[in-house]
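The lines below spell out each chain.
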Amino acid sequence: MVVLLHLISILVGVPNVLVVRGEQYAEEEGLQDDDCVEGEDASWAIKKWILTELDKLQKYEIKYYETSMSLVKDDEGSSWYIVSDGWQGSFYYETGKPGQERVGAYLYPDYSTAIVGVWRDHLLVSGRPTYLVEACRSGSVWTLKFGELEGPIMTYSPPSHNSLGVDPLQRDPYEKKTIEVLNSLLPGGNDGLFAKRDIETGDILAFYGGYMISCNSSLRALDRTEYSDEEEHHRNMYSLSLGLEDEDNYCLDLPPELGNDVNKYNATLGHKLNHRFEPNVEFLLFSVHPVLGTVMSLSALEDIPAGTELTVNYGYDLKEDPDQPEWFKEQWIDFYGEDLEKEEIDQEEDVNNEDMEEDYDTDNDEIDEHEEL
């Protein structure tokens, strides 16, 4: 059931119909005035307009924290803020100016899932999840109709060193449609993350949240207990650097007691991906999550059919840093083979031999000096 509310209802709630003004949908689609597309067809129409027509539009590039947005604005005041060429979704506002509270929507990268509400500088003041059910073209105007607003009221609440930023059991509406946790199909795997729908190359699949901490900070300040390497690896198993260029880089961190149990934490599920040296997804910084703000996300490296287990390369390097978990060392040797292991041993022996030769030369120099005396 679709409910259409007048914008004045923003005084008592959030509307779920927005008029989207922009360029006409591609002519080859054959859409005429008053033609409508529904459901997935509506999402594809908007997504195609953004991903294929953006270069043809008059736009203004705007730097937005760690990413960029393309502002597409028509004469009547409606505006799109298209994030990262559309791959990280888009903001749409009917009226209002930057710096003021204004009614709008954030469309997730599938251009179906949305948060409709009140925004200020692209930060969510108050909104609720919904989904696109219909897009109708009338000239250069797209009218979007959304389904009923569902779920809890949401607001921008970024994570910090002592807050996850969100209820640990409040599922992200986009992830709910895109991924699920099942038993892993990989040897030795426990939980694994699987695609619930067909995914295209470049699509965002999941988000990686947690406490936001300094990567250089101690997780147990003033704790004098000595921990083994394995205990440290276990504690840090869900700690991920954002890879920012700031001097004080930040990490997203989930304690194992949360990360290991989806009944305790499932607000984001990117931490459930298992490692492979030949993955089908990769880490990608995501700067516009409507609730969490800047977090890490997972982006598809290839087309992925529904039901496929998702994997990512954790980025560990046994050569650069031998202090790695035992399971990773085993996978490294299995993947690269015994030849690499032998090569490392040979290289180590060469280094030892060079050191011995240097020591021998030094000893001879000392002997020669003694003989001269």
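Throughout what follows, the structure given in this document is the object of discussion. (Residues numbered from 1 in each chain as written. Predicted model: local features only at pLDDT ≥ 70, side-chain atom pairs only at ≥ 80, totals over all residues. Heavy atoms only, no water.)

Focus: the state of the cysteines
At step 1: Taken as a whole, this structure holds one disulfide when the rule is applied.
At step 2: For Cys215, the disulfide goes to Cys251, at an S-S distance of 2.1 Å. Its torsion about the S-S bond being 110°, the disulfide of Cys215 and Cys251 is classed as right-handed. With Cys215 in the loop between strand S14 (211–214) and helix H3 (229–235) and Cys251 in strand S16 (residues 250–253), the pair connects residues that are 36 residues apart, well separated along the chain.
At step 3: Assessed through its relative accessible area of 8%, Cys251 is described here as buried. (Disulfide = S-S within 2.5 Å. Helix = DSSP H or I, 4+ residues; strand = E, 2+ residues; numbered from the N terminus. Buried < 20%, exposed > 50% of the residue type's maximum accessible area, 1.4 Å probe, protein only.)

Some thoughts on unusual backbone geometry
Glycine aside, negative phi is the norm for most residues, and most peptide bonds take the trans geometry.
At step 1: Positive phi is not limited to glycine here, since Tyr65 has a value of about 50°.
At step 2: Look at Asp85: it is not a glycine, yet its phi comes out positive at around 60°.
At step 3: Assignment of secondary structure puts Asp85 in the loop between strand S5 (79–83) and strand S6 (90–93).
At step 4: Relative accessible area serves as the criterion here: at 47%, Asp85 is assigned to the partly exposed category.

What about the sheet that holds strand S15 (residues 239–241)?
At step 1: What the three strands build is an open sheet, ordered S14-S16-S15; its pairing is antiparallel. Both outer strands of the open sheet, S14 and S15, are each paired with one neighbouring strand and no more. The sheet shows a mean angle of 30° between the axes of neighbouring strands, taken without regard to direction.
At step 2: Summarising the sheet, S14 and S16 pair through four bridges and their orientation is antiparallel. (Pairing = 2+ DSSP bridges. Axes fitted to C-alpha atoms, helices over the stretch in contact; angles between N-to-C directions.)

Quick word on the packing of aromatic side chains
In this description, a pair of aromatic rings is defined by centroid distance and the angle of the planes.
At step 1: Evaluated as defined, the whole model comprises 25 aromatic pairs.
At step 2: A centroid spacing of 6.4 Å and a plane angle of 0° characterise the contact between Phe91 and Tyr93, whose relative ring orientation is stacked.
At step 3: Of the residues examined, Tyr93 reaches a relative accessible area of 1% and is grouped as buried.
At step 4: Seen from their ring centres, Phe328 and Trp332 are 5.9 Å apart, and the 55° between their planes marks the pair as tilted. Pair noted here: Phe328 and Trp332 are both in helix H5 (residues 326–372), with a separation of four residues, about one helical turn. Of the two residues, Phe328 and Trp332, both sit in the buried class.
At step 5: Grouping aromatic residues by their ring pairs yields a cluster made of Tyr81, Phe91, Tyr93, Tyr106, Tyr108, Trp119, Tyr174, Phe207 and Phe286.
At step 6: Over the ring of Tyr93 we find Arg102, and its NZ or CZ is 3.9 Å from the ring centre. (Phe/Tyr/Trp six-rings, centres within 6.5 Å; stacked < 30°, edge-to-face > 60°. Lys NZ or Arg CZ within 6 Å of the ring centre and 35° of its normal.)

Comments concerning the side chain of Thr294
At step 1: Following the sequence through the fold, Thr294 ends up in strand S19 (residues 293–300).
At step 2: A polar side-chain atom of Thr294 sits 2.9 Å from a polar atom in the side chain of Glu66.
At step 3: What Thr294 contacts, discounting residues up to four positions off in sequence, is Glu66, Met212, Leu285, Phe286 and Ser287. (Polar contact = N/O pair within 3.5 Å; in protein donor to acceptor, adjacent residues only side chain to side chain. Contact = heavy atoms within 4.5 Å.)

As for the environment of Val37
At step 1: Structurally, Val37 can be placed in strand S2 (residues 35–38).
At step 2: For Val37 and Leu144, which are 107 residues apart along the polypeptide, the C-alpha to C-alpha distance reads 9.9 Å.

Examining the pairing of S6
At step 1: Along S6, one buried face is formed by Ser90 and Tyr92 and the opposite face, lined by Phe91 and Tyr93, is buried too.
At step 2: As paired elements, S5 and S6 share four bridges and run antiparallel to each other. Note that in S6 the partner of Tyr81 across the bridge is Phe91.
At step 3: In this structure, S6 lies alongside strand S7 (residues 101–107), joined through four bridges in antiparallel fashion. Paired with Ser90 across the two strands is Leu107, which belongs to S7.

Scope: geometric values only; no functional claims are made or implied.
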